[in-house]
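# Structural description and commentary
These are the residues of each chain, in order.
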Amino acid sequence: MYRISELAALVGLSRTALLYYEKLNLISGDRMANGYRVYTDKDLQQVRLIQQLQSGGLTLAQCKSCLDSKLDKSVLQSRYTALENEIQQKQQSLALLASLLGKKSSKPWHESLSEIAPDAHLDWLKVQGYDEKQALRIKWLSKDMNEHDKYMQDFMAVFETLESWGPNSEQDTTKAFNLLPHSPQHILEIGCGNGNSTILLARLSQAHISATDNEQSALDRLQAKITQHNLGGRVSTKCVSMTQLGDDPEKVDVMWAEASAYVMGVENALSQWKPRLRANGTLVFSDLVWLTATPSDDSIAHWKSDYPDMQNVATRMKQIQQAGYQLVDTFTVSEQAWSSYYEPLQERLNELAPRMKNAPAFIDIQHEVDLYRRRLGEFGYQFFIAQRS
């Protein structure tokens, strides 16, 4: 026989809890002549059985049902499903905390944020101490704060010797230039990279060209070309973020952005760059778009990760109009633009494969080259020539 205080000590419950058990008829105590309530070994075992059932997440009412009759499998299944969901949520929470603590890759989390909250994601990275250039590279390239430095070291090792850092061709740039509705006096180029288009634009026009990029090494290579072609009087370079261009009060005739507007988001670019254009000024940009309504699963998976805001041509045209521009013309860049970029890139990858083939940056770049070979035509770069209304 156990007094209530003794039973409570044995099962690790309070006196109040045991009295509640008794009220629910889960245990049955007897009052002795001296006024003490006492319980039997049967009550002790009953409480321990209930505690085992409760460890599965059952309520006291559900425990009582299990004790009074055969197991209700539907009740157990409901609790099982709920517990499975709780475990999954807690595993996701654990994985997130592990990635933020540097215990594992944070890539899945960054990829998810880039899709559902791209601006908030970028702002948060800046709060964590990354400058804008680093934050953008985490967002678009490494997608992993914990391995970012090594990733970028390998990424730049692949591209440092390449002339083109993206699909482009003189044919397409010339075609876009010839579609301008006016002859420009001042061109602001955004994301000029190594300056292939910059030098061509200088040949095609007499305009002053302000070439901007946030990668100083690329601008250094462009500066050497400017000197080589004696263009120092007409072409200048500036290392600046494209997100800061709208703050400059100087107006230009043309803003030129080949394969760069995606970095800040096309809709943001249309809005934030517009104040830099003179009345009837023209924005020329190229953007990666879907060229089919039924892309393959591997294309969708790749670009959902690498460019979550990728759209079709009709959507971009609508966004251009809504932002206060009149579309002058649009066309898809040639296959030559792709081959002139990816063929030298594959040669570079082949050269580096013996020592870099297991590096995440190398694997990501090779995957994109392989996708280009299999699926080009499902996606492609599209030039848009849009005049400020």
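Scroll up a little and you will see the structure.
Residues numbered from 1 in each chain as written. Predicted model: local features only at pLDDT ≥ 70, side-chain atom pairs only at ≥ 80, totals over all residues. Heavy atoms only, no water.

### Points about a nonpolar patch on the surface
On the surface, Met-1, Met-32 and Tyr-36 cluster together into a nonpolar patch covering about 350 Å² of accessible area. By the secondary structure assignment, Met-1 is in the segment before β1 (2–3). (Patch = residues over 30% accessible without salt bridge, like charges linked within 9 Å, V, L, I, M, F, W, Y side chains within 5 Å. Areas by Shrake-Rupley, 256 points an atom, 1.4 Å probe, with all protein chains shown as cover. Salt bridge = Lys/Arg side-chain N within 4 Å of Asp/Glu carboxyl O. Helix = DSSP H or I, 4+ residues; strand = E, 2+ residues; numbered from the N terminus.)

### A word on the nonpolar core
Grouped together as the largest cluster of nonpolar side chains are 84 residues, with contacts concentrated most on Trp-256, Trp-273 and Leu-345. Looking at this core, the element that brings in the most residues is helix α16 (residues 335–356), giving eight residues. The contacts of Trp-273, once residues within four sequence positions are left out, are Ile-190, Met-242, Leu-245, Met-255, Ala-257, Ala-261, Met-264, Asn-268, Leu-283 and Tyr-325. One finds Tyr-39, Ile-50, Leu-58 and Leu-60 within the second-largest nonpolar core, a separate group that totals 16 residues. (Core = buried A, V, L, I, M, F, W, Y, C linked by side-chain atoms within 4.5 Å. Buried < 20%, exposed > 50% of the residue type's maximum accessible area, 1.4 Å probe, protein only. Contact = heavy atoms within 4.5 Å.)

### Comments concerning the sheet that holds β1
Each strand in a sheet pairs with another by means of backbone hydrogen bonds, the pair being arranged parallel or else antiparallel. Strand order in the open sheet formed by three strands is β1-β3-β2, and the pairing between neighbours is antiparallel. The sheet is open, and its two edges are formed by β1 and β2 (30–31), each paired on a single side. Here β1 runs beside strand β3 (residues 37–39); their pairing, made up of two bridges, is antiparallel. Each bridged residue has a counterpart across the sheet, and for Tyr-2 the counterpart in β3 is Tyr-39. (Pairing = 2+ DSSP bridges.)

### A few points about the packing of helix α9 (residues 148–159) against helix α17 (residues 360–375)
It is at 8 Å that the axes of α9 and α17 come closest, and there the two elements cross at 50°. Classified by the interaxial angle, the pair formed by α9 and α17 is oblique. On α17, the residues touching Tyr-151, Asp-154, Phe-155, Val-158 and Phe-159 of α9 are Pro-360, Ala-361, Asp-364 and Ile-365. Among the residues making up the contact of α9 with α17, the classes are represented as seven nonpolar, no polar and two charged. (Axes fitted to C-alpha atoms, helices over the stretch in contact; angles between N-to-C directions. Parallel < 35°, antiparallel > 145°, perpendicular 65-115°, else oblique. Nonpolar A, V, L, I, M, F, W, Y, C, P; charged D, E, K, R; others polar.)

### Considering the packing of aromatic side chains
One pass over the structure, following the stated rule, counts 17 aromatic pairs. Between Trp-303 and Phe-379, the ring centres sit 5.3 Å apart and the planes meet at 70°, which makes this aromatic pair edge-to-face. With Trp-303 in helix α14 (residues 297–306) and Phe-379 in strand β11 (residues 379–388), the pair connects residues that are 76 residues apart, well separated along the chain. Across this residue pair, the class does not change: Trp-303 and Phe-379 are buried. Measuring from ring centre to ring centre gives 5.5 Å for Trp-338 and Tyr-381, while their planes differ by 40°; the resulting arrangement is tilted. Taken together, the residues Trp-338 in helix α16 and Tyr-381 in strand β11 connect sequence positions 43 residues apart. The exposure class assigned to Tyr-381 is buried, which follows from its relative accessible area of 13%. One Lys or Arg, Lys-175, reaches over the ring of Phe-331 and ends 4.3 Å from the middle of that ring. Of note, Lys-274 hangs over the ring of Tyr-325, and the distance from its end group to the ring centre comes to 5.6 Å. (Phe/Tyr/Trp six-rings, centres within 6.5 Å; stacked < 30°, edge-to-face > 60°. Lys NZ or Arg CZ within 6 Å of the ring centre and 35° of its normal.)

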